[in-house]
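Observations on the model geometry
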Amino acid sequence: MYDIIIVGAGPAGLTSSIYARRAMKKTLVLEALSYGGQIINTLSIDNYPANPNISGFDFATRLYNQAKDLGAEIKFEKVTEIMDSEGFKEVVTTKGSYKTKTIIIATGSENRKLGIPRELELTGKGISYCATCDGAFYKGKDVAVVGGGNTALEDALYLTDVAKTVYLIHRRDEFRGEEALVNALKNKNNIKFIYNSNVTKLNGDNRLESIEISGNDGSKKEILVSGLFVAVGRIPENENFRNVINLDESGYIIASEDCHTNVPGIFVAGDNRVKDVRQLVTAASDGAIAATEAIKFINNR
Amino acid sequence: MEIIDVNKDNFKEEVLESNIPVLVDFNADWCGPCRMVRPILNELAREHDEYKIVSVNIDDEEELAEDYGVSSIPCLVVFKDGNEYDRSIGLRPKEEIESLIGGN
């Protein structure tokens with residue numbers, strides 16, 4: 001029986017494991033893909049205290065090694081279900097099942113898709129969800145970004161330095177993202193804003209050649225682009241916990257800053273929790289709180 | 001087998017003319033997910049000698065990336081008998097990469 005099982009080896013989950021191990025709790029971290037979570041896509045982290053310019057990969061690797069050195073057990077298995085039984089809890093994975101006194105859910109989120117035909121087929125053939133990863137392939141080409149938040153604005157800004165023309169497509173007439181970014185974009189001479197519009201069709205034989213844009217007024221037009229960068233938000237990865245844990249209407253786990261879910265002994269940490277600020281530092285912060293609360297739960301029994 | 005670096009001069013010999021299947025890892029130094037994939041590929045390379053794994057740095061080998069339509073990395077392309085057999089994009093768990101090469 002484990003003291004604490006942590007689901008997810010991103011910054012929230014690994015930080016939890018550090019606190020858990022420092023309190024000498026028997027700790028297992030279960031991860032479906034690779035440690036680090038979405039931070040590994042970041043070229044340079046410039047807003048984490050005391051560590052300017054570190055790459056997302058280096059940050060994640062240092063965190064992973066720190067957790068391992070402290071004795072956290074880390075297994076690469078996808079969690080499919082959790083169960084709350086009398087006196088203990090159970091975590092089921094694709095490879096087995098584990099008993100534990102407490103659980104911390106730190107699964108984070110994944111990219112929201114546009115949800116239009118051929119999106120999956122053309123991913124990697126013109127459709128991308130990461131401008132900093134794939135922007136370099138579009139030197140001197142025409143590309144589009146779809147979205148209205150900070151990620152969309154940052155992607156568009158990055159791409160204006162690489163691509164020939166960048167179309168920024170947004171379904172509203174105003175951006176949700178920071179004004180400073182919007183202003184920086186407006187100063188670029190190779191950006192074209194397309195407001196009140198959605199991407200409705202993807203065209204091209206083997207790779208993306210053009211997209212269809214539909215305006216909220218019913219108008220349609222086709223623009224020629226070789227790349228489309230999708231930045232329409234993220235969705236929390238909580239579906240497998242829905243049977244035991246209360247989620248809000250967007251799928252986030254309902255919990256306050258103390259990271260307690262509706263089930264005693266099950267906690268949540270990081271981007272998959274209801275919260276206002278989703279940053280690396282707040283993920284780490286949640287990790288510390290959730291682990292401390294889990295330790296308290298175990299010691300008080 | 002060790003992973004070897006391939007460029008446009010030896011791509012034909014190492015990949016297209018290979019008598020065993022080849023997994024080509026298109027990657028770049030600045031790409032975090034590529035660096036995550038690398039240890040998995042190292043393990044596979046050590047565990048298997050019925051196929052080989054080679055690495056193409058897309059910054060140095062723009063032409064190869066262009067020729068094979070790579071526009072998103074990490075991109076893993078499997079070649080069998082000189083022809084593309086399968087490919088996958090993005091970070092994948094070890095089991096998926098294994099079945100990409102071995103899959104029928």
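Quick note: structure is the one above.
These notes cover the structure that comes with them.

Cut-offs applied
- Residues numbered from 1 in each chain as written.
- Chains lettered and ligands numbered in written order.
- Predicted model: local features only at pLDDT ≥ 70, side-chain atom pairs only at ≥ 80, totals over all residues.
- Contact = placed C-beta atoms within 7 Å.
- Helix = DSSP H or I, 4+ residues; strand = E, 2+ residues; numbered from the N terminus.
- Nonpolar A, V, L, I, M, F, W, Y, C, P; charged D, E, K, R; others polar.
- Axes fitted to C-alpha atoms, helices over the stretch in contact; angles between N-to-C directions.
- Parallel < 35°, antiparallel > 145°, perpendicular 65-115°, else oblique.
- Left-handed = near helix turned anticlockwise from the far one by under 90°.
- Pairing = 2+ DSSP bridges.

Taken together, the contact between chain B and chain A spans 14 residues of the former and 19 residues of the latter. Counting residues per element, the side of chain B that touches chain A draws most heavily on helix α2 (residues 32–47) of chain B, at four residues. Looking at side-chain class alone, the side of chain B that touches chain A contains nine nonpolar, four polar and one charged residues.

For the rest of this paragraph, the subject is the packing of helix α1 (residues 11–22) of chain A against helix α2 (residues 56–69) of chain A. Residues and elements named next belong to chain A. At a minimum axis distance of 9 Å, the contact between α1 and α2 shows a crossing angle of 30°. Taken together, the axes of α1 and α2 lie roughly parallel to each other. Viewed along their axes, α1 and α2 form a crossing whose handedness is left-handed. Judged by residue contacts, Pro11, Leu14, Ser17 and Ile18 of α1 engage Leu63, Tyr64, Gln66 and Ala67 from α2. Here the residues of the contact of α1 with α2 are counted per class, giving six nonpolar, two polar and no charged.

Attention now moves to the sheet that holds strand β4 (residues 75–80) of chain B. Residue and element names in this part refer to chain B. One open sheet holds the five strands; their spatial order is β1-β3-β2-β4-β5, and the pairing between them is mixed. One side of each edge strand has no neighbouring strand; the edge strands of this open sheet are β1 (4–5) and β5 (83–89). As defined by bridge partners, strand β2 (residues 22–27) adjoins β4 across five bridges and the pair is classed as antiparallel. In the strand pairing of β4, phenylalanine 26 is matched with cysteine 75. Sitting on the sheet, helix α4 (residues 94–102) is in contact with β2, β4 and β5, with an inclination near 25° to β4.

Residue and element names in this part refer to chain A. Bridge count between strand β4 (residues 79–84) and strand β5 (residues 89–93): five bridges; the pairing is antiparallel. Note on β5: the bridge partner recorded for methionine 83 is glutamate 90. As consecutive antiparallel partners, β4 and β5 are separated by four residues, and within that stretch glycine 87 has a phi angle of approximately 85°, a positive value.

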